[in-house]
Amino acid sequence: MEEDRAEQMNGTGNRDEAAWLAALMEKDRLGHTSRLIRGLIHNINGPLHNLSMLGEMLTNGQEQLDTFFEEAWTRAGDDCAALRTKQRDRLQRLMQQIAVLSEMLQDFSIVHEMLIGTSDVDITFALDKLAKAFRSDLFFKHRVEVRLQLEENLPPVHIPGRALVPALMHLIRNALLALTGVEEKRITIESSREGPLIRISIRDTGIGFDPLRVEELCQLFYSGWPREVLESDDLESHFGFGLFAVRTLLKPYGVRLSLAREGAESVALLEIFLPEQS
């Protein structure tokens, strides 16, 4: 009886642990969306402010045009031409701002759909959209050099977006955080195919890490970030969840995660095995 009870309790414990882990992953996925929204709000303010100013200028310009045509005999032809030129320029700038805003919202929408999606992922497309979405982060947008070296025409990987995209976002965010306080701020995002493997690497010129502690860094609730780096992030407390989440999300699909130092760069590498062709 005691053995049966112990076995039953062990089974219940395993189920509880699985449920807790699933809840953590779900909350983490929602957290990614929250960060995107915060960045989006910051970036929308600029175009909206410009749109407001341009709208006001267009209104004033139109009033001047109306006045001119009402009192045409008091105006010279050159004045009318100047007003029309200014009005045309304002309309062009207005359309440019609308295009910027529209593209920003479209990129955000695509990333959000991938975050919750269950379909296969086009790696090149996903990495390109993630790089654009991360520009909503003001540090990323204004202070970091970003290089994209993405191989075209890679086959879709049979990993749902809700697993792969949050993992990629954790790796990019870690690279960003590592750039805090260093002079050279560069991230290189690469994708390539080598035989049966698709490789995705996130390189950064940040503070680095101890290669002998890689396994510790991937453990749940272990954080190796220095205090000055943690204090620089006013949005998130880093409890040591990111790399653990990457491995946990991608392990069911046979993806290998490795971390290495190559010269002055830290490299997070994902190796995705392609299914054998029948």
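Note: the structure precedes this text.
Heads up: these notes are all about the structure in this document. Model, not experiment: these values are computed from the prediction.

### A short note on helix α8 (residues 242-250)
Alright, step 1. Counting buried positions along α8 gives seven out of nine residues, so the element sits mostly inside the fold.
Alright, step 2. Buried residues of α8: Gly 242, Leu 243, Phe 244, Ala 245, Val 246, Leu 249 and Leu 250, and no others.

### Some details on the nonpolar core
Alright, step 1. Ranked by internal contacts, the top residues of the largest apolar core, which has 49 residues, are Ile 123, Val 157, Ile 187, Ile 200 and Leu 270.
Alright, step 2. Among the elements that make up this core, the one with the highest residue count is helix α5 (residues 161-178) (10 residues).
Alright, step 3. Discounting residues that sit within four places of it in the chain, Ile 200 has contacts with Ile 123, Leu 127, Leu 168, Glu 190, Ala 268, Leu 269, Leu 270 and Ile 272.
Alright, step 4. Ile 44, Leu 54, Leu 58 and Leu 101 belong to the second-largest nonpolar core, a separate cluster that totals seven residues.

### Some words on the side chain of Lys 129
Alright, step 1. One can find Lys 129 in helix α3 (residues 123-133).
Alright, step 2. Accessibility expressed as a relative area gives 10% for Lys 129, which makes it buried.
Alright, step 3. Every residue in contact with Lys 129, bar those within four places of it in the chain, is listed here: Asp 107, Ile 110, Val 111 and Met 114.

### Thoughts on the side chain of Thr 188
Alright, step 1. Here Thr 188 lies in strand β2 (residues 186-194).
Alright, step 2. Exposure remark for Thr 188: the relative accessible area of 4% places this residue in the buried category.
Alright, step 3. Contacts of Thr 188, omitting those with residues within four sequence positions, involve Arg 147, Gln 149, Ser 201, Ile 202, Arg 203 and Glu 265.

### A few points about the sheet that holds strand β4 (residues 256-262)
Alright, step 1. Strand order in the open sheet formed by five strands is β1-β2-β3-β5-β4, with mixed pairing between adjacent strands. Each edge of the open sheet carries a strand with a single partner, namely β1 (145-150) and β4. Strand-to-strand, the axes of this sheet are offset by a mean angle of 15 degrees, without reference to chain direction.
Alright, step 2. Alignment of β1 against β2, held across six bridges, turns out to be parallel. Within the sheet, the bridge partner assigned to Leu 150 lies in β2 and is Ser 191.
Alright, step 3. Those strands touched by α5 are β2, β3 (197-204), β4 and β5 (265-273), and its axis lies near 25 degrees from that of β3.

### Some points on α3
An α-helical segment advances 3.6 residues per turn. Residues three or four places apart therefore align on the same side.
Alright, step 1. Of all 11 residues making up α3, eight are buried, and the element is well covered by its neighbours.
Alright, step 2. Within α3 the residues assigned to the buried category are Ile 123, Thr 124, Ala 126, Leu 127, Lys 129, Leu 130, Ala 131 and Ala 133.
Alright, step 3. N-capping of α3 is provided by Asp 122, with a side-chain oxygen placed 3.2 Å from the backbone N of Thr 124.

Conventions used here
- Residues numbered from 1 in each chain as written.
- Predicted model: local features only at pLDDT ≥ 70, side-chain atom pairs only at ≥ 80, totals over all residues.
- Heavy atoms only, no water.
- Buried < 20%, exposed > 50% of the residue type's maximum accessible area, 1.4 Å probe, protein only.
- Helix = DSSP H or I, 4+ residues; strand = E, 2+ residues; numbered from the N terminus.
- Core = buried A, V, L, I, M, F, W, Y, C linked by side-chain atoms within 4.5 Å.
- Contact = heavy atoms within 4.5 Å.
- Pairing = 2+ DSSP bridges.
- Axes fitted to C-alpha atoms, helices over the stretch in contact; angles between N-to-C directions.
- Polar contact = N/O pair within 3.5 Å; in protein donor to acceptor, adjacent residues only side chain to side chain.

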